[in-house]
Amino acid sequence: MLTVEGLELYYGDAKALDGVSVAVEDGEIVAIVGANGAGKSSLIRAIAGIETPAAGTVRFDGEDITGWPSYRVCDRGIGQVAEGRQIFPNMTVRENLEMGAVIPRGRARCDETVEDVFAMFPRLREREGQAAGTLSGGEQQMLAIGRCLMGQPKLIMFDEPSLGLAPALVAEVFETIRTLNAAGTTVILVEQNVAMSLRMARHAYVLENGRIVLSGLAEDLLDDDGVRQAYLGL
Amino acid sequence: MRGVGAVLRGAPRAATGLAVLGAALLVAPLLVDDYLLSVILITLYFAFVGQAWNLMMGYAGQLSLGHALYVGLGGYAAAAFFVHFGLTPWAGMVIGILVAAAFAAGIGLLAFRFGIGGVYFALLTIAVAEFTRILFEHFEWVGATGGFFLPVENREINDLLMLRGSPAMFYYVILAMTVGLFLANVALIRSRMGYYWMAIREDQDAAQALGINTFRYKMMAVVLSASLTALGGVFLAFYNNNLFPIDAFGIHRSIEIILAPIIGGLGTLFGPILGAFILTPLGEVLTWALDQLGVQMAGVKHLFYGLVLLVIIRSLPGGVWPWFARRLGIEGPEARP
């Protein structure tokens, strides 16, 4: 479904991605793990068209989307839930959701999808008219996920969805991702919570200093001594 | 977001107040003397350009500290074509708007294509305004540093086509412009574009991640704001009958434009208007009072504006309007800072 090959990305002179190749199959969960600054968010931003890669290709559903602006990438069906949630604090919950449906792909089914999101996250319905900035951290994460769903994505990239959440909420967010995946959405999961994301994913990649240093089946990586030492503290 | 109509129906006191204010503004030329009329007129002018600036900063979150650039370009263009070719300012304003829009598009293109944001964007707007001031100081066709003057004719005859006439005529022109822009803003802010602007203001990364073409909508905000400001500039040039590069493009002019919306409330529909009605009359009263005391200090008005700004930012950081709206019983988005 998504094939990234030899992707290179620079911020000024600093190399953030150095020949990254990743393949994501239809309907699976792919985990991308690595330390802070390894290039995980850069990879997501380059795929989403927010950053323009210097070299390499991104293909989605057989189409070369390298260097496309983000609004075109979104409209092909790649959504993202960014790190730190990035909700619009002064807009209401419903307005936030509606902003998720601005691409042509999402516009037609906007009202139905709002209902779907409310059915999925009843607490958002209760706070429909409330400014999003007044929601709790967990509710904001639900809103960010719901807002992403408004664009009818085929592939969702989650960037640190568990960041700053209490353990009970982390479990809830991961459960939501599992449910979405079971319903047919392909998922790229970038997480510092390596154990949890490896247990959930089929394939996984380990990023270090902008390079893929290890990849394979997630369950194999869980047993890999290097991964266990570096990321699981075992 | 609800319409202003719905907001006002929910707040009868505010609706009554607005009706009284509207009626008072309509009959003002019959009731007040020329001096007082000129104060209200300048107040309305600042409400107009404040609204134009607020579109860009208050709604789309792009800080311009060089908006005098567009006032000057609009004014100079319309005045030059009027003086040299006898062109009516109503056509001249189209030229002025096109020139201002072209400058704004240049600034936007430069900034948004090359990732110049925040403070650096603001500095760029100052730089272009200053550069243009220096350019006009050497632009002989429009008088260079010596200034450019419109012929003052019989002020008893109102020639609306050529925008020559009495203060009352100018008053009604700026009143119509300010009310018109307010109504246009109401529609604009409730439109798709208005929402995209607010999304960009609140979190540009998120807006982009959702598939909003942030480049296009920031460009729209900058060009639209510049065009409207140029329209204000045409009015000011024909009202004042003179243009000097330092007074048209100077940074102090840019600052004057942004004070009313900041004091009234950024990103609110009524803020720039309320801010202008607070600031301009207070400044005039101060000047008058000092005159009576025999004190004549250059720049005292600007010192006073600075003090007002300090007090407002300290006590009502969202501006006067959100606080005032809550007191009037207006709830919802318009009362949000």
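Parameters and conventions
Along each chain, residues carry numbers from 1 onward, in the same order as the chain's sequence is written. Key to labels: chains lettered from A, ligands numbered from 1, both in the order written. Local features are withheld for residues below a pLDDT of 70 in this predicted model, meaning they are given only at 70 or higher, and side-chain atom pairs are given and counted only at 80 or more; totals for whole chains, interfaces and linings count all residues. Neither water nor hydrogens contribute to the side-chain values; these are computed over all heavy atoms in the structure. Nonpolar side chains (Val, Leu, Ile, Met, Phe, Trp, Tyr) within 5 Å and like charges within 9 Å form the patches, drawn only from residues with over 30% relative accessible area and no salt bridge. Per-residue accessibility takes into account occlusion by the displayed protein chains alone, with areas from the Shrake-Rupley method and a 1.4 Å probe. When a carboxyl oxygen of Asp or Glu lies within 4 Å of a side-chain nitrogen of Lys or Arg, that pair is called a salt bridge. Charge convention: Lys and Arg are scored as positive, Asp and Glu as negative, and His as well as the terminal groups of each chain are ignored. Charge positions come from single atoms, namely NZ of Lys, CZ of Arg, CG of Asp or CD of Glu. What counts as a helix is a DSSP run of H or I of at least four residues, what counts as a strand is a run of E of at least two, and both are numbered from the N terminus. Accessibility here uses a 1.4 Å probe with only protein chains present; expressed as a share of the type maximum, an area under 20% marks a residue as buried, one over 50% as exposed, and anything in between as partly exposed. Any Phe, Tyr or Trp ring, taking Trp's six-membered ring, that has another such ring centre within 6.5 Å forms a pair; planes under 30 degrees apart are called stacked, those over 60 apart edge-to-face, and the others tilted. By definition here, charges over rings are those cases where NZ of Lys or CZ of Arg is within 6 Å of the ring centre and within 35 degrees of the ring normal. Here, strands pair whenever DSSP counts at least two bridges between them. The contact rule is simple, with two residues in contact once any of their heavy atoms fall within 4.5 Å. Where helices are involved, their axes are fitted lines through C-alpha atoms of the stretch in contact, as for all axes, and angles between N-to-C directions lie from 0 to 180°. In short, buried area is how much 1.4 Å probe accessible area vanishes from two parts on joining, totalled over both. All residues other than Ala, Val, Leu, Ile, Met, Phe, Trp, Tyr, Cys, Pro, Asp, Glu, Lys and Arg, Gly among them, are scored as polar; the first ten of these are nonpolar and the last four charged.

Engineer: What am I meant to see in a negative patch on the surface here?
Structural biologist: All names here are of chain A. A contiguous patch of negative charge on the surface is contributed by Glu 219, Asp 220, Asp 223 and Asp 225. Of the residues forming the negative patch, the biggest block, 3 residues, is contributed by helix α10 (residues 218-223). Take Asp 223: it is sitting in helix α10. On the accessibility criterion, Asp 223 (57% relative accessible area) is exposed.

Engineer: Mind showing me how you'd approach the packing of aromatic side chains here?
Structural biologist: The geometry of an aromatic ring pair is captured by the separation of the ring centres together with the interplanar angle, meaning the angle of the planes. Evaluated as defined, the whole model comprises 21 aromatic pairs over all chains. For the ring pair Phe 136 of chain B and Phe 249 of chain B, a centre distance of 4.9 Å and an interplane angle of 45° mean the geometry is tilted. Here Phe 136 of chain B is found in helix α6 (residues 118-137), whereas its partner Phe 249 of chain B is found in helix α11 (residues 245-249), with 113 residues between them in sequence. On the numbers, 4.8 Å between centres and 75° between planes, the contact of Tyr 196 of chain B with Tyr 217 of chain B is edge-to-face. With Tyr 196 of chain B in helix α8 (residues 192-202) and Tyr 217 of chain B in helix α10 (residues 214-240), the pair connects residues that are 21 residues apart, well separated along the chain. A relative accessible area of 14% places Tyr 217 of chain B in the buried class. Sitting above the plane of the Trp 68 of chain A ring, Arg 72 of chain A keeps its charged end 3.9 Å from the centroid. Over the ring of Phe 88 of chain A we find Arg 147 of chain A, and its NZ or CZ is 4.9 Å from the ring centre.

Engineer: How should the sheet that holds strand β2 (residues 14-24) of chain A be read in this particular structure?
Structural biologist: The strands making up a sheet associate through backbone hydrogen bonding, with each pair oriented either parallel or antiparallel. Residues and elements named next belong to chain A. Read from one edge to the other, the open sheet built from 4 strands follows the order β2-β1-β4-β5, with strand pairing classed as antiparallel. Of all the strands in the sheet, just β2 and β5 (63-64) have a single pairing partner and so form its edges. In this fold helix α1 (residues 40-48) packs onto β1 (2-11), β2 and β4 (55-60), with an angle of close to 110° to the strand it touches most, β1.

Engineer: Quick question: what am I supposed to make of the interface of chain B and chain A here?
Structural biologist: Reports often express the size of an interface as the amount of accessible area lost when the parts come together. Listed as interface residues are 18 residues of chain B and, on the opposing side, 21 residues of chain A. Across the interface of chain B and chain A, roughly 1900 Å² is buried in total on both sides, 57% from carbon and sulfur atoms. At the boundary of chain B and chain A, one finds 1 salt bridge. Its salt-bridge partner being Asp 205 of chain B, residue Arg 45 of chain A comes within 3.4 Å of it at the nearest N-O pair. Taken together, the elements giving at least two residues each to the side of chain B that touches chain A come down to α8 and α9 (204-209) of chain B. It is α8 of chain B that provides the largest number of residues to the side of chain B that touches chain A, a total of 6 residues. Of the residues belonging to the side of chain B that touches chain A, the class tally is 10 nonpolar, 3 polar and 5 charged.

In short, geometric facts, not functional conclusions.
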